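As a plain string of letters, each chain reads:
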Amino acid sequence: MGTIHARLAHVGIYAHNKGLLEQFYTTVLGLMVTDSGAGRGGAELTFLSGSAGNHHQLVLASGRPDTLGFNPINQISFMVDSLADLRVVHRRALDNGATDMRVTSHGNAWSCYFKDPEGNTVEAYLDTPFHVPQPHGEPLDLTKSDEQIMRETEAACRADPGFMMMDAFQTALASRLAGQPAPAR
């Protein structure tokens, strides 16, 4: 049996107020409702996507209990195409009630983290051309120009002993993945 390399395709979350979350994700991230209906277990489902190539990237399901006491969702991450898009998401999130806003440079990505109306952590991000070992994070000022952000990020990354350009990291990772044996059964 050959090696399998799975790719995350979508995330489903239970919601206290599915309509509120639907409005939040369509307004803040520009996702579109692609389908909705009742699931086998009776939960009302809403499917959302921001890509014509994906029927859904996020599923909202009714019926999140109030008794969990702990939100098991660490974060839900969405990739954007540019720093300009990241700035738009940042503004829209704040305008639509997002809390706990944190804007970070990870060296390999620029990220904007916030809580949706039900307290789920959402990340909007885009990749940089650099790699540094993770975790790595420093504050990111989105009021600076794209060029200034790029220069500052590159300088911070080059100061890290694990720095390499992302294409070199991806080539090394591809080699490592190709050499992995299939999991034992």
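Shown above is the structure to which this text applies.
Now for a description of the structure that goes with this document. Per chain, residue numbering runs from 1 following the sequence as it is written. The predicted origin of the model limits local features to residues at a pLDDT of at least 70 and limits the giving and counting of side-chain atom pairs to 80 or more, whereas totals for whole chains, interfaces and linings rest on all residues. Values shown for side chains rest on all heavy atoms present in the structure; no hydrogens or waters enter the calculation.

With respect to the sheet that holds strand β1 (residues 11-15)
Item 1. Within the open sheet, the 4 strands sit side by side as β1-β4-β3-β2. Their pairing is mixed. Each of the sheet's edge strands pairs with one partner strand only, and the pair in question is β1 and β2 (32-38). The mean inter-strand angle of the sheet, taken between neighbouring strand axes irrespective of direction, is 20 degrees.
Item 2. The pairing of β1 with strand β4 (residues 58-62) spans 5 bridges and is classified as parallel. Across the sheet, the residue bridging to I13 is L60, located in β4. Paired strands, as defined in this entry, are two strands with at least two bridges between them according to DSSP. The helix and strand labels rest on DSSP assignments: H or I over at least four residues marks a helix, E over at least two residues marks a strand, and numbering proceeds from the N terminus. Axis lines are fitted to C-alpha atoms, over the contacting stretch for helices. Their N-to-C directions set the angle, which ranges from 0 to 180 degrees.

Brief notes about the nonpolar core
Item 1. By nonpolar core is meant a set of buried Ala, Val, Leu, Ile, Met, Phe, Trp, Tyr and Cys residues that side-chain atoms within 4.5 Å join together. We call a residue buried when its accessible area falls under 20% of the maximum for its residue type, exposed when it is over 50%, and partly exposed in between, using a 1.4 Å probe and counting protein chains only. One finds Y25, L29, L58, F78, L86 and F114 to be the most contacted residues of the largest nonpolar core, which totals 29 residues.
Item 2. Mapped by element, the contributors of at least two residues to this core are β1, α1 (18-29), β4, β5 (76-79), α2 (83-95), β7 (109-115) and β8 (121-127).
Item 3. Residue contributions to this core peak at 5 residues, all from α1.
Item 4. A43, L45, V59 and A61 belong to the second largest nonpolar core, which has 5 residues in total.

Describing the pattern of salt bridges
Side chains bearing opposite charge may pair, as long as their charged atoms lie close to each other.
Item 1. Here, a salt bridge means any side-chain nitrogen of Lys or Arg that lies within 4 Å of a carboxyl oxygen of Asp or Glu. A full pass over the atoms with the stated rule returns 5 salt bridges.
Item 2. When the shortest N-O distance is used, the salt bridge between R87 and D146 registers 2.8 Å. Of this pair, R87 sits in helix α2 while D146 sits in helix α3 (residues 146-158), and the two are 59 residues apart along the sequence.
Item 3. Here R87 falls in the partly exposed class, since its relative accessible area comes to 23%.
Item 4. Take D146: its relative accessible area is 33%, and that puts it in the partly exposed class.
Item 5. The residue R91 makes a salt bridge to D95 at a minimum N-O spacing of 3.7 Å. Of this pair, R91 and D95 both sit in helix α2, 4 residues apart, which is roughly one turn of the helix.

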